[in-house]
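# Summary of structural features
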Amino acid sequence: MPLRLLPFLLVVFVTLSCEQKDTLPILSKAENADGQTVYKAIPDFTFINQDSQLVTPATFEGKAYIADFFFTSCPTICPIMSQNMLGLYEAYADEPRLAFLSHTIDPARDTVAMLKHYATNLGVEDQRWHFVTGHKDSLYAIADDYFNVVVEDPTLPDGFDHSGRFVLIDPRGYIRSYCNGTQPNEVEAFKKDIENLLHEMENPDTAH
């Protein structure tokens, strides 16, 4: 091989290496059907957002989204989660294929007006980030599908026990990644998984 070609080949190798993306696993609940693993998508839902609009799986058609569970009067982990989610929202301001979905776990107090006030205070004015409420039973049931713990606990100062997970959902409704939304280092690492999923959406042949 002529030595003059080595620099060129090195550039090609480095470029290809940088473009390589990891394929994310599917982390959704699964069952065995005739010896095959069948993954369960997030089930159908109907909630209402801060702009009084219905939010359903069709809202996220063709998009990935990040989900979490919170309540506006939470004095502990929710403010941290909201700021970290806001960082992701701002980091992907120019990415229309990524949306955000925050479910209240306190629908009795988190009215549409309250959610609108909360979103506005965060600086959320567009339709990429939905703050939703709905029937309590529906909100609590779907939290389990996102592998989030949501429990009313009157012994706690704020009355609720809930996990602070951010969950990354692909356009088919499958969980592809999650992180602790209260930990900035985990949220930063989570961005790599977001990038990998967006790359997969551009190159569907690499999908599971």
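Please read these numbers as outputs of a predicted model, since none were measured by experiment.

## A closer look at the pattern of salt bridges
Summed over the entire model, instances satisfying the criterion amount to eleven salt bridges. Where Asp-170 meets Arg-172, a salt bridge forms, and the shortest distance between an N and an O atom there is 3.4 Å. Owing to a relative accessible area of 2%, Asp-170 belongs among the buried residues under this scheme. For Arg-172, a relative accessible area of 37% corresponds to the partly exposed category. Across the pair Arg-176 and Glu-200 runs a salt bridge whose closest N-O atoms are separated by 2.9 Å. With Arg-176 in strand β11 (residues 175–180) and Glu-200 in helix α5 (residues 184–202), the pair connects residues that are 24 residues apart, well separated along the chain. Each of Asp-170, Arg-172, Arg-176 and Glu-200 takes part in salt bridges that share partners, so that together they form one network.

## Observations regarding the confidence of the model for the protein
Considering every residue of the protein, the mean pLDDT works out to 88; 87% of them sit at 70 or more. Every residue in residues 5–19 is under pLDDT 50, and counting partners more than four places away or in other chains gives three contacts.

## Considerations on the sheet that holds strand β10 (residues 165–169)
Strands pair in a sheet through their backbones, by hydrogen bonds, and they do so in one of two ways: parallel or antiparallel. Here we have five strands laid out as an open sheet, ordered β7-β6-β5-β10-β11, and mixed in their pairing. Strands with a single pairing partner mark the edges of an open sheet, and in this sheet they are β7 (129–132) and β11. The average undirected angle you get between the axes of adjacent strands in this sheet is 20°. With three bridges joining them, strand β5 (residues 64–70) and β10 adopt antiparallel strand pairing. The residue of β10 that forms the bridge with Tyr-65 is Ile-169. Where helix α2 (residues 77–91) meets the sheet, its contacts fall on β5, β6 (98–104), β7 and β10, and the angle it forms with β5 comes to roughly 165°.

Rules behind the numbers
Residues numbered from 1 in each chain as written. Predicted model: local features only at pLDDT ≥ 70, side-chain atom pairs only at ≥ 80, totals over all residues. Heavy atoms only, no water. Salt bridge = Lys/Arg side-chain N within 4 Å of Asp/Glu carboxyl O. Buried < 20%, exposed > 50% of the residue type's maximum accessible area, 1.4 Å probe, protein only. Helix = DSSP H or I, 4+ residues; strand = E, 2+ residues; numbered from the N terminus. pLDDT = per-residue confidence, 0-100. Contact = heavy atoms within 4.5 Å. Pairing = 2+ DSSP bridges. Axes fitted to C-alpha atoms, helices over the stretch in contact; angles between N-to-C directions.

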